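Below, each chain spelled out in residue letters.
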Amino acid sequence: MRRGHGCTADRGRRVRTVTCLRMTFVMAALYVPGHEHYAVDSLVGTPDGTGALGMTGEPLVVLDKVNKHFGDLHVLQDIDLTVHKGEVVVVIGPSGSGKSTLCRAINRLEPIGSGTITLDGVPLPAEGKELARLRAEVGMVFQSFNLFAHKTVLDNVMLGPVKVLKKDKASAERRARELLDRVGIAEQADKYPAQLSGGQQQRVAIARALAMDPKVILFDEPTSALDPEMINEVLDVMTALARDGMTMVVITHEMGFARKAANRVVFMDGGRIVEEAEPHEFFSHPRSDRAKDFLSKILSH
Ligand SMILES: Nc1ncnc2c1ncn2[C@@H]1O[C@H](COP(=O)(O)OP(=O)(O)OP(=O)(O)O)[C@@H](O)[C@H]1O
Ligand SMILES: [Mg+2]
């Protein structure tokens, strides 16, 4: 099955110019080949019941009327969003539109004012052990990698499984080496983060997130701190994860990735979800004036 609409180097370059404008896209994608329009329920079913790309189509992350203020700023306004198992959702929108706050709310790095967020049917706990367990189920990959500088690559990946999941060291190491191999840096296992390129460090961060066997991984502009030649190596790893059925919410300004790997694009502006659609539909026929305006600025660069 076809999983995207392909991207060109031109598109990639065009997208990167958006960074200069300090605009970002959050893209979410639920990919089901052969369907022109975004319609989650119709996208996920297959005769064997597993769904396209291994998706089951069950709701995994559900935000219902979520509101949040920072003082007078109404940063999240009545956010309704459902991310289904196996779905890749790309979130895009201008700087300050609330994309990072939305991501941080999903693993409760930011408390919300009202509304509910559930993960696999369970409301987000407020604090304590339950919250720690939930955080283990929600992986997060940031722009700035956030690796422990004084630990080796291998130790960075093993740390969570050993300390939080209480795995024994031998099995944690075996799994960490497998994951480093999966993201293409097995040979860097004994180095320290500072000895790696930015792209390699971000791939360590992805391996570290995967080591916790999360139900969903949230990516907040994972490539925006990288030199251009390193962006693709990280996007390739993310695209492979998407193909393997990982549930992902991705804030990015890489439109090529959105077109290729996302099932759904969510466009935010001013703390609201203004529009959401299957990528081809969104990029070809944006419905709202704000999305049209946003895209026209991007496409003019
Ligand atoms: N801890 C905070 N305290 C007060 N205001 C905040 C805080 N964090 C974010 N904001 C404000 O909330 C708004 C949304 O911020 P957020 O980081 O979610 O935007 P964003 O869409 O991720 O932007 P960018 O594309 O620049 O990363 C911004 O106006 C920001 O200044
Ligand atoms: Mg942000």
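All chains use their own residue numbering, which begins from 1 and follows the written sequence. Written order decides the labels, with chains lettered from A and ligands numbered from 1. Restriction of local features to residues with pLDDT of at least 70 applies here, the model being predicted, together with a cutoff of 80 or more for giving and counting side-chain atom pairs; totals for whole chains, interfaces and linings are based on all residues. Excluded from the side-chain calculation are hydrogens and water; included are all heavy atoms of the structure.

Overview of the overall build of the chain
Inference 1: Helix and strand counts for the chain come out as 11 helices and 11 strands.
Inference 2: Burial analysis of the chain (301 residues in total) assigns 53% to the buried set.
Inference 3: Entry remark: accessible area of the chain is about 13000 Å², with carbon and sulfur atoms responsible for 50%. Secondary structure follows DSSP: runs of H or I at least 4 residues long count as helices, runs of E at least 2 residues long count as strands, and numbering of each begins at the N terminus. To sort residues, take the accessible area from a 1.4 Å probe on protein chains only and compare it with the maximum for the residue type: under 20% means buried, over 50% means exposed, and anything in between is partly exposed. Only the protein chains shown count as covering a residue, and every accessible area follows the Shrake-Rupley method with a 1.4 Å probe.

Considerations on helix 7 (residues 198-211)
Inference 1: Counted at 1.5 Å a residue, the expected span for helix 7 with its 14 residues is 20 Å, and the 20 Å between its end C-alpha atoms agrees.
Inference 2: For helix 7, the buried fraction is high: 13 of the 14 residues fall into the buried class.
Inference 3: Following helix 7 by one or two positions, Asp-213 has its phi on the positive side, about 50°. Expected span of a helix: the number of residues minus one, times 1.5 Å.

Examining the pattern of salt bridges
Inference 1: We define a salt bridge as a side-chain nitrogen of Lys or Arg found within 4 Å of a carboxyl oxygen belonging to Asp or Glu. Counted by the stated rule, this structure contains 16 salt bridges.
Inference 2: Asp-244 is the salt-bridge partner of Arg-182, the closest N and O atoms lying 3.2 Å from each other. One end of the pair, Arg-182, is in helix 6 (residues 169-182); the other, Asp-244, is in the loop between helix 8 (228-243) and strand 9 (247-251), with 62 residues separating them in the sequence.
Inference 3: By relative accessible area, Arg-182 is classed as partly exposed at 43%.

Topic: the nonpolar core
Inference 1: One finds Ile-206, Phe-219, Met-238, Met-248 and Phe-282 to be the most contacted residues of the largest nonpolar core, which totals 54 residues.
Inference 2: Broken down by element, the residue count for this core peaks at 8 residues, all from helix 8.
Inference 3: Residues grouped as a nonpolar core are buried Ala, Val, Leu, Ile, Met, Phe, Trp, Tyr and Cys residues, joined through side-chain atoms within 4.5 Å. In this structure, Val-83, Ala-105, Leu-131 and Leu-134 belong to the second largest nonpolar core, which totals 28 residues.

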